[in-house]
Every structure is written in structure tokens, then in C-alpha cells.
Amino acid sequence: MVRSEHLRMYLLAIKSFYRYIPGGEIVVLDDGSLTGADRQLLAAHLPDATVTPLADIATAPCPRGGCWERLLYILDRSDNNYVIQLDSDVLASDPIPEVTDAIARNTSFTLNSGGGMGIETLEQAAARVAGYSEEHLQPAAEQKLPLLPPEAGGRLYVRGSAGFAGFARGRHARGQAEAFSVAMQALLGSRWAEWGSEQIASNYLIANSPGGAVLTWPTYACFEPNLDPALSRLLHFVGSWRFDRGVYASRARRLISELERETVS
């Protein structure tokens, strides 16, 4: 899912990632901000990519906005395809064998949100955030996970990141997300429409997918001040952390140089 202001970052993200995987179709979800010039730039760099307007994706009974269109589109496509969600602020700097292995084995994965964050029961997830403020939706929702009814679809959860996630072919369905969303809305009311609910749903779906896994941290990580970037093959540069220590800019320049050499050779 791409915004006009993030287009050049997205081109770096997809080019850094795509060179390490065994092919596949590229789909760009236009959030409505891409201009004619943006589309020309996309076509020049990714001539075979499909551009789909976000506005064309139905979301009911799930919320609209907050990346729900993206998740539901992915689930629809995963009926017949292995689908990977890649944020525009992700950079892969080295081969990513855990990802290519997940594709080969048709198992889902998510990016870890921090060290020690693995798949756990709903009760464990709620206990971990029991003392957290409910001001932000994520802990507020996670505290209520044990109250989910059986029809929500599973009893596992992982505090992952939806910025980089893989959805196995034939193991996810829109109906699963809808059942989870309806159950969470019953527990949280209008708050379920707040930003962050889509990531919670993504985490839940992957945790309950057969063979679902969390990528090894810090080999695959969300970049933050205490992380040694030398230990990571793929980093999700969330928000302002991409300006910390010049790591994003340095890796971006390295990537551009490598791609230029590959083009010449």
C-alpha cells in the first residue's frame, strides 16, 4: 500500500526485497494519492506491477481505513497465492533465507516486534500487557483477547508487526478476519475502528495459521535505538527511527549502488 510521498521509499523497499525471492507478481495498492507522474515512475521501475485503487476494496463488516483494505485484499488473494505484505519503510540488505523457506513450505510468518516476542496463548498475551495503559488500542485490545468466543477462530496470538508479513496459500480466508473483527468490536465498541486494529488482526491470523512463525529477531526487526543494525538482514524503519544514526540512508545508498552495478553487469 503506497502513498505518493512514500513512493521513492517504496521503490527501494520492493527492489531490496524482490531480488532475494523466487519471482512473483507485484501488486501496488494506491491509497488514492498517487499522481499521474507517480504511476509513470512506477511503470518505469516496475513495468509488470499491477496498481489497484484502495477505494475499490470492500471491507464490511470490518472497519474501513487503517490498512484494513490491504489485509482483506491479501486474504482474498491468498486463496490461490502465497502473499507477502511489504511496507514502504522496509529494507532488505542481505539474503533472507527464512522468508524464502516459508514460501517454499507454504507457512505464514510475521516480523517480530521485539526480542522474546513469540507465539503465545491469548491468556499469556493478556497477562503480558496487564499493567499497560489502555490509551493505545493495542494493549487495550490485547487485554481482552481471552474473552474472545470460540467462533473468533483460535486461541493463539503474537505481538508482531504487520509491516512485513507472509500469508500462506490456502490457509487464510476473509471470513476468519471478519469473525475476529466482529468479536473484537463486540468487546471494544467504536474503539475497534482506531488505527492499529488491522495489525492486531494480522497478528492473530498468522499466530493461528498452521505452522505460522515469527521471524528470528534481530535478524529481521523493527529498527529502534537499542538495536545493532549489523545483526539484521531486513529492517522495518518505523516512523522517525529511520533518521536515527543515518542507518536508513546508509543502507539505501548501498542498495542503490548495488542495483546500479547489477544493471551494468
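Further up the page is the structure itself.
Predicted, not measured: the structure shown is a model, and the values here were computed from it.

Looking only at helices and strands, the chain features 9 helices and 11 strands. With respect to the principal axes defined by its C-alpha atoms, the chain has extents near 55 × 40 × 35 Å. Buried positions account for 49% of the 265 residues belonging to the chain. Long-range contacts, defined here as pairs at least 24 residues apart, represent 74% of the contacts in the chain between residues at least 6 apart. In the structure as shown, the chain presents an accessible area of about 11,900 Å², 54% of it carried by carbon and sulfur atoms. Averaging the locations of the 24 positively and 30 negatively charged side chains of the chain gives two centres separated by 3 Å.

Now for the environment of Ile 200. Relative to the assigned elements, Ile 200 resides in helix H8 (residues 197–207). By relative accessible area, which is 0% here, Ile 200 ends up buried. It is 9.3 Å that separates the C-alpha atoms of Ile 200 and Leu 137, two residues lying 63 residues apart in sequence. In contact with Ile 200, other than residues within four places in its own chain, are Leu 137, Gln 138, Ala 141, Tyr 157, Phe 180 and Trp 192.

On to the nonpolar core, then. Tyr 10, Phe 17, Leu 42, Ile 96, Val 99, Phe 164 and Leu 234 are the most contacted members of the largest nonpolar core, which totals 29 residues. Of all the secondary-structure elements, those providing two or more residues to this core are helix H1 (7–18), strand S4 (90–92), helix H4 (97–105), strand S5 (109–112) and strand S10 (220–222). The leading source of residues in this core is H1, at 6 residues. What Ile 96 contacts, discounting residues up to four positions off in sequence, is Phe 17, Tyr 20, Ile 21, Tyr 220 and Leu 234.

Now for the sheet that holds strand S11 (residues 234–236). In space, the 3 strands of this open sheet follow the order S4-S11-S10, with mixed pairing throughout. Every interior strand has two partners, whereas the edge strands, S4 and S10, have only one. On average, adjacent strands in this sheet sit at an angle of 15° to one another, irrespective of strand direction. Where S4 and S11 come together, 3 bridges link them in antiparallel fashion. Across the sheet, Leu 91 pairs through a bridge with Leu 235, a residue of S11.

Spatial ordering of the open sheet is given by S3-S8-S5-S9, a layout of 4 strands whose pairing is mixed. For this open sheet the edge positions go to strand S3 (83–86) and strand S9 (213–214), each flanked by a neighbour on one side alone. Pairing between S5 and strand S8 (residues 160–167): 4 bridges, direction antiparallel. Looking at the pairing, Asn 112 lines up with Gly 160 of S8.

Right, let's get into the packing of H1 against helix H2 (residues 36–45). Put simply, H1 and H2 touch, their axes get as near as 11 Å, and they point 20° apart. Considering their axes alone, H1 and H2 lie roughly parallel with respect to each other. For the element pair H1 and H2, the recorded crossing hand is right-handed. Here Leu 7, Arg 8, Tyr 10, Leu 11 and Lys 15 of H1 lie close against H2, whose contacting residues are Asp 38, Leu 41, Leu 42 and His 45. For the contact of H1 with H2, a count of residues per class yields 5 nonpolar, 1 polar and 3 charged.

Right, let's get into the packing of aromatic side chains. Per the counting criterion, the structure on display carries 7 aromatic pairs. Pairing Phe 223 with Phe 237 gives two aromatic rings, centres 5.2 Å apart and planes at 50°, and the pair type is tilted. Separated by 14 residues along the polypeptide, Phe 223 in the loop between S10 and S11 and Phe 237 in the loop between S11 and helix H9 (247–264) bring together distant segments of the chain. The exposure class assigned to Phe 223 is buried, which follows from its relative accessible area of 1%.

The rules we used
- Residues numbered from 1 in each chain as written.
- Predicted model: local features only at pLDDT ≥ 70, side-chain atom pairs only at ≥ 80, totals over all residues.
- Heavy atoms only, no water.
- Helix = DSSP H or I, 4+ residues; strand = E, 2+ residues; numbered from the N terminus.
- Buried < 20%, exposed > 50% of the residue type's maximum accessible area, 1.4 Å probe, protein only.
- Contact = heavy atoms within 4.5 Å.
- Areas by Shrake-Rupley, 256 points an atom, 1.4 Å probe, with all protein chains shown as cover.
- Lys, Arg positive; Asp, Glu negative; His and termini not counted.
- Charge placed at Lys NZ, Arg CZ, Asp CG, Glu CD.
- Core = buried A, V, L, I, M, F, W, Y, C linked by side-chain atoms within 4.5 Å.
- Pairing = 2+ DSSP bridges.
- Axes fitted to C-alpha atoms, helices over the stretch in contact; angles between N-to-C directions.
- Parallel < 35°, antiparallel > 145°, perpendicular 65-115°, else oblique.
- Left-handed = near helix turned anticlockwise from the far one by under 90°.
- Nonpolar A, V, L, I, M, F, W, Y, C, P; charged D, E, K, R; others polar.
- Phe/Tyr/Trp six-rings, centres within 6.5 Å; stacked < 30°, edge-to-face > 60°.

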